Number of protein chains: 2
Amino acid sequence: MATKTQDLKAIEKISKALGDRNRLNILQHITKKGGCAQCSEIHDIIDLAQPSISHHVKILTEAGLIEPEKEGRNFKYTLNTSVLNDYLKFLEKLKND
Amino acid sequence: MATKTQDLKAIEKISKALGDRNRLNILQHITKKGGCAQCSEIHDIIDLAQPSISHHVKILTEAGLIEPEKEGRNFKYTLNTSVLNDYLKFLEKLKND
DNA sequence: TTGATATATTTAAAAACTTCAATGTATTTA
DNA sequence: TAAATACATTGAAGTTTTTAAATATATCAA
């Protein structure tokens, strides 16, 4: 079963989102927190200006890897396990072809 | 068990290597060929000039995803399953933290 | 409503990436 | 040895990405 062009685009986007040290740190922080965290916490941990963090979070969100949920003044970000699983499946398939 | 900085660098490099449509196509071609292929075949399948393909293959090689093996005048590229597995393990861990 | 906090957007500059033409190197074949 | 084939490297143009300052918006608290 060949991979659709559309799927490949998603894979490309997810890979790109994962291809940055800061975004990997953000992801790790979110998952360590039990799958969710706030932007302000991230700011404490990563040495970047606030707009940069906002930008990285946006890229992770647009790739579908995390999902934002508004909680009053803050945001809660949750790892999207099903998107990650689809990505893993694609990579697994490379081994079995 | 926290991810070492060194490991994170490797993860970043692999993700970056995977973050390009052409490189994904090259990888898929190699794996479909039973885990190995020659540069010249890739040239037939992907619409890029030879130096571009050489460049992409180099990036995949430097990330450790494929391994080159000289075969006379040609090259044979093989998927490095163990590097891919380490990458998969890292991503799996994100889910279980 | 005013001030404070959390996050997003715009803009602009620097850095990194992609691509290809030109050229170089290694190997095979005639 | 000369020509042909396979791949690498260099250099340069165009594109994308990263970052932060400035600014905007939304919500909470007083």
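Residues numbered from 1 in each chain as written. Chains lettered and ligands numbered in written order. Predicted model: local features only at pLDDT ≥ 70, side-chain atom pairs only at ≥ 80, totals over all residues. Heavy atoms only, no water.

In the annotation of an unreviewed UniProt entry, chain A is listed under the name Winged helix-turn-helix domain-containing protein and assigned to Chryseosolibacter histidini.

With respect to spatial proximity, 23 residues lie near DNA strand C, and among them A:S40, A:Q50, A:S54, B:S52 and B:H56 are the closest. Within 4 Å of the protein, atoms of DNA strand C come from sugar and phosphate in 62% of cases. A distance of 2.9 Å is found between a phosphate oxygen of DNA strand C and a backbone nitrogen or oxygen belonging to B:A49. Looking at the surface near DNA strand C, the elements that each hand over two or more residues are helix 3 (39–45), helix 4 (50–62) and strand 3 (74–79) of chain A together with helix 2 (21–32) and helix 4 (50–62) of chain B. Of all the elements, helix 4 of chain B adds the most residues to the surface near DNA strand C, at five residues. Of the residues contributing to the surface near DNA strand C, the split by class is eight nonpolar, nine polar and six charged. (Near = heavy atom within 4 Å. Polar contact = N/O pair within 3.5 Å; in protein donor to acceptor, adjacent residues only side chain to side chain. Helix = DSSP H or I, 4+ residues; strand = E, 2+ residues; numbered from the N terminus. Nonpolar A, V, L, I, M, F, W, Y, C, P; charged D, E, K, R; others polar.)

We now examine the relation of the copies chain B and chain A. After a rotation of 180° and a shift along the axis of 0.0 Å, chain B superposes on chain A with an RMSD of 0.1 Å. The transformation just described matches what one would write down for a two-fold rotation axis. Across chain B, the smallest distance between a C-alpha and the rotation axis is recorded for B:S15, namely 2.5 Å. (Least-squares fit on C-alpha atoms with pLDDT ≥ 70 in both.)

What follows is about the pairing of strand 2 (residues 66–71) of chain A. Residues and elements named next belong to chain A. Of the pairings in the sheet, the one linking strand 2 to strand 3 comprises six bridges and is antiparallel in character. Paired with K70 across the two strands is F75, which belongs to strand 3. Hairpin geometry of strand 2 and strand 3 is characterised by an intervening segment of two residues between the two adjacent antiparallel strands and by a positive phi of about 65° at G72. (Pairing = 2+ DSSP bridges.)

One finds A:L65, A:L91, B:L65 and B:L91 to be the most contacted residues of the largest nonpolar core, which totals 52 residues. Ignoring anything within four residues of it in the chain, the contact list for A:L91 reads B:L18, B:L84, B:Y87, B:L88 and B:L91. (Core = buried A, V, L, I, M, F, W, Y, C linked by side-chain atoms within 4.5 Å. Buried < 20%, exposed > 50% of the residue type's maximum accessible area, 1.4 Å probe, protein only. Contact = heavy atoms within 4.5 Å.)

Residues in close proximity to DNA strand D total 24 residues, the closest being A:S52, A:H56, B:S40, B:Q50 and B:S54. Close to the protein, within 4 Å, the atoms of DNA strand D belong to sugar or phosphate groups at a rate of 65%. A distance of 2.7 Å is found between a phosphate oxygen of DNA strand D and a side-chain nitrogen or oxygen belonging to A:S52. One nitrogen or oxygen atom from the side chain of B:Q50 is found 2.8 Å from a base nitrogen belonging to DNA strand D. The set of elements that each furnish at least two residues to the surface near DNA strand D consists of helix 2 (21–32) and helix 4 of chain A together with helix 3 (39–45), helix 4 and strand 3 (74–79) of chain B. Sort the elements by how many residues they give to the surface near DNA strand D and helix 4 of chain A lands first, with five residues. Looking at the surface near DNA strand D, its residues break down into eight nonpolar, nine polar and seven charged.

Along the chain, the position of B:H56 falls in helix 4. Look past the residues within four positions of B:H56 in its chain and what remains in contact with it is B:D20, B:N22, B:R23, B:I26 and B:L48.

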